[in-house]
Every structure is written in C-alpha cells, then in structure tokens.
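Summary of the model geometry
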Amino acid sequence: MNPSLLAILVVILAGGATALQAPTNARLATAVASPVNAAFISFAVGTTVLGLLAAILHTRPDMAATRALPWYAWLGGAYGACFVVAAAWGVPRLGVAMTITLMVGGQLLLSLALDHFGALGVPRQPLNIGRIAGVGLVLAGVLLVRRS
C-alpha cells in the first residue's frame, strides 16, 4: 500500500475516533457529574493504553532530545484536555455533528495561521485563494449543519 494512502487512511480513522470520543465522553460526563471528571477518566484510560502500547513496542524517549525542546512542545496534553472537556460539554447542548463541525472549523482557522507563519516549527505554507476557499467551504458547512 502507498505510504501516503496509508497515512490518509489512518488520519481519517483517527478523525472518526474523535467523533466517537465526543458522545462517549458526554455520556461519561453525565455519569460522573462533570465534563472535567469525564476528561480526567478519559485521559487516565488513554494514558494506560499508551503505556501498554509503548511497552509492547519497546519505545523509549530520547531524554537528551526532550531537554532541548521549546516550552510549548509540552502543551499538547493541555490542548487535548481542552478538546475533550469542550466535546463532553458541547455534545449534550449542540449535538455531535455541530460540536465536531465547530471543532473542525476552529482547527482549520488556526491551522491556516500556523501554516502561513510557520509557527511552532511547522513548514511554512503561505495563504492562497485555494486554501482560504477550502476552509471557507468547511465553515459554510458549519452554518448548514446549524440550520438543519
């Protein structure tokens, strides 16, 4: 299988998992009385799964490389926590499709800026009409999902 095709497939499946994650954590939030509690449990389960996977794959971090990282490289878990709490809180109020659509819209807007400026060490990809139009069409989809 073409490595690019495999990467695309994996990313699509991971995107689908976020659609499953939102209602799953919303249901958990109801049971544990808070989207923060649900996110905590979700991260604990995720940490356990990742720990087992790291042990099975025999992966070890390069500690010298981790010490050389910029401060913002340590914030990924904080961003993930915001995502999980917002999804668990948003789904009962907005529905799964609207919550995920808004999240994707926010991701796309910020990703255009990150790419354009080459922020956080990503390769610089300047804005152009095609990229703006593509994100605009997705954002138009947010409005369509909302009106339905």
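Cut-offs and rules
Residues numbered from 1 in each chain as written. Predicted model: local features only at pLDDT ≥ 70, side-chain atom pairs only at ≥ 80, totals over all residues. Heavy atoms only, no water. Helix = DSSP H or I, 4+ residues; strand = E, 2+ residues; numbered from the N terminus. Buried < 20%, exposed > 50% of the residue type's maximum accessible area, 1.4 Å probe, protein only. Contact = heavy atoms within 4.5 Å. Areas by Shrake-Rupley, 256 points an atom, 1.4 Å probe, with all protein chains shown as cover. pLDDT = per-residue confidence, 0-100. UniProt positions renumbered as here; feature names shortened; annotations may be inferred. Expected span 1.5 Å × (residues − 1). Arc of directions from axis to C-beta. Polar contact = N/O pair within 3.5 Å; in protein donor to acceptor, adjacent residues only side chain to side chain.

As annotated in an unreviewed UniProt entry, the protein chain is DMT family transporter from Brevundimonas fontaquae.

1. A closer look at the overall build of the protein chain
Helix and strand counts for the protein chain stand at six helices and zero strands. Traced from its N-terminal end to its C-terminal end, the protein chain shows the element sequence α-α-α-α-α-α. Considered along the principal axes of its C-alpha atoms, the protein chain spans approximately 50 × 45 × 35 Å. With 148 residues in all, the protein chain has 17% of them scored as buried. Considering only residue pairs separated by 6 or more positions, the protein chain has 58% of its internal contacts joining residues 24 or more positions apart. In the form shown here, the protein chain has an accessible surface area of approximately 10,400 Å², with 74% of it arising from carbon and sulfur atoms.

2. Structural notes on the confidence of the model for the protein chain
For the protein chain, per-residue confidence averages 91 on the pLDDT scale, and residues scoring 70 or more make up 99% of the total. When mean pLDDT is taken per element in the protein chain, helix 2 (residues 35-57) scores highest with 96 and helix 6 (residues 129-147) scores lowest with 86.

3. Considering the UniProt feature "transmembrane region" (unreviewed entry) in the protein chain
Mapped onto the present numbering, the UniProt feature "transmembrane region" (unreviewed entry) falls at residues 35-57, 69-89, 95-114 and 126-145. Along residues 69-89 the backbone is 67% helical and 0% strand, and the end-to-end C-alpha distance reaches 33 Å. As annotated, residues 95-114 comprises 95% helix and 0% strand, and the C-alpha atoms at either end are separated by 28 Å.

4. Quick look at helix 6
Taking 1.5 Å of rise per residue, 19 residues should cover 27 Å, and helix 6 covers 27 Å from first to last C-alpha, within 8% of that figure. Those residues of helix 6 lying buried are V135, G141 and V142. An end-on view of helix 6 places all buried positions within 110° of arc, on one side of the element. Turned more than 90 degrees away from the buried face of helix 6, the exposed residues are I129, G130, L137, L143, L144 and R147. Of the residues that open helix 6, the one with a side-chain oxygen 3.0 Å from the backbone nitrogen of G130 is N128.

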